[in-house]
Amino acid sequence: MARSGIDKIRPASTADGGPGPGTAGELVFAIGDIHGRYDLLKALLLTITQDYPTRADGRRPMLIFCGDYIDRGPQSAAVLEALIWLQRHAHLQVRLLKGNHEQALLTFLDDPDAGRGWLEFGGLATLAAYGVEAPRPDAGIVDLFRARDDLLARLPASHLRLLDSLELMVVVGDYAFVHAGIRPGKPLAAQETRDLLGIREAFTDAPGPYEKIIVHGHSWRGDTAEVLGHRVGLDTGAYATGVLSAVRLDGPEVVILTARDPQAGPWNPWAIPPSDQAARQGPPPGSK
């Protein structure tokens, strides 16, 4: 069973020591890339549900999921079903962002030939989660369409509706939530979908600041969330490290919460061989 809890606390403040950024009175929990790790999602949600009653003070907690719910891990279907279940609960505000993996799946459903790259970046695990036989490695167009049609036959309508309704950006107070990041030098209103779903070093290596503090997933460098003055990176490679991370934002306080798979052991940065680095990067966003 996964272990969960509060990993670290870091209050935010301005450069002159004044009050830090806020959430316009909202109690916000943002969750990083899940990638089919339903076990970690359950553990993390348990921590959140134990945490928010002591501080909600009549507010409906807002849960913002940063995308990449599917692929790589073994239980993509269960993760989507859990998100649908959460949406049905009136005491929660649930906002679901689109990740590049969800876009890649949608591209495959629309055109299996154009979207065949999805299969190389974790999509085979999602097919297995829905009981679909994977195409052969040298699959021709007929086998790709067979896999697409089998997936559509097994994909619940509620799952497809969820995938079609995902958001690209959520803004709350002084924070903007996206999957991958933003293009530095462009205002938030002018950001392109390809960057919101797929940008990496051009964003993560930039010093900021931006119009808002950016909370994102997509790029991970280990099993610890990144909390910087201009961005909060929540992807901790759950499918590889066994760690799923979230952040609680309430006033100036920034609190990182985690769920850890005790069987995963300490994270070894050399565990992913160079030949697998492309797979770690994920499918290109907006393949269509």
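All of the points below concern the structure found in this document.

## Observations concerning the nonpolar core
Across soluble globular proteins, nonpolar side chains show a tendency to be buried alongside one another.
Right, so step 1: Within the largest apolar cluster, 69 residues are counted, with the highest numbers of intra-cluster contacts made by Phe-65, Tyr-69 and Phe-177.
Right, so step 2: A total of seven residues in this core trace back to one element, the largest contributor, which is helix 2 (residues 76-87).
Right, so step 3: By size, the runner-up hydrophobic cluster in this structure holds 11 residues, among which are Leu-188, Leu-196, Ala-206 and Tyr-210.

## Regarding the packing of aromatic side chains
Right, so step 1: The tally for this structure, following the rule as stated, stands at five aromatic pairs.
Right, so step 2: Look at Phe-108 and Trp-118: their rings are 5.1 Å apart centre to centre, the planes differ by 45 degrees, and that puts the pair in the tilted class. Placement of the pair is Phe-108 in helix 3 (residues 100-110) and Trp-118 in helix 4 (residues 117-129), with a sequence separation of 10 residues. Each member of the pair, Phe-108 as well as Trp-118, is classed as buried.

## Looking at the pattern of salt bridges
Right, so step 1: This model, assessed by the stated rule, comprises 19 salt bridges.
Right, so step 2: Across the pair Arg-37 and Asp-261 runs a salt bridge whose closest N-O atoms are separated by 2.9 Å. With Arg-37 in the loop between strand 2 (28-31) and helix 1 (38-51) and Asp-261 in the loop between strand 11 (253-260) and helix 10 (277-281), the pair connects residues that are 224 residues apart, well separated along the chain.
Right, so step 3: For Arg-37, a relative accessible area of 11% translates into the label buried.

## Focus on helix 5 (residues 141-154)
Right, so step 1: For helix 5, built from 14 residues, the straight-helix expectation of 20 Å at 1.5 Å per residue is met to within 8% by its first-to-last C-alpha distance of 20 Å.
Right, so step 2: Listed in full, the buried residues belonging to helix 5 are Asp-143, Leu-144, Ala-147, Arg-148 and Leu-151. All buried residues of helix 5 lie within an arc of 140 degrees about the axis, which places them on one face of the element. Facing away from the buried surface of helix 5 by more than 90 degrees, the exposed residues are Val-142 and Ala-153.
Right, so step 3: Buried residues along helix 5 sit in contact with helix 3 and helix 4.

## Brief notes about unusual backbone geometry
Right, so step 1: In the segment running from Gly-208 into Pro-209, the intervening peptide bond is cis, with an omega of -5 degrees.
Right, so step 2: The residue Pro-209 is located in the loop between helix 8 (201-204) and strand 7 (213-216) in this model.
Right, so step 3: Of note, His-35 is a non-glycine position whose phi angle comes to about 50 degrees, a positive value.
Right, so step 4: With respect to the helices, strands and loops of the structure, His-35 is situated in the loop between strand 2 and helix 1.
Right, so step 5: Owing to a relative accessible area of 2%, His-35 belongs among the buried residues under this scheme.

Procedures and definitions
Residues numbered from 1 in each chain as written. Predicted model: local features only at pLDDT ≥ 70, side-chain atom pairs only at ≥ 80, totals over all residues. Heavy atoms only, no water. Core = buried A, V, L, I, M, F, W, Y, C linked by side-chain atoms within 4.5 Å. Buried < 20%, exposed > 50% of the residue type's maximum accessible area, 1.4 Å probe, protein only. Helix = DSSP H or I, 4+ residues; strand = E, 2+ residues; numbered from the N terminus. Phe/Tyr/Trp six-rings, centres within 6.5 Å; stacked < 30°, edge-to-face > 60°. Salt bridge = Lys/Arg side-chain N within 4 Å of Asp/Glu carboxyl O. Expected span 1.5 Å × (residues − 1). Arc of directions from axis to C-beta. Contact = heavy atoms within 4.5 Å.

Interpretation in functional terms is not warranted from these geometric data alone.
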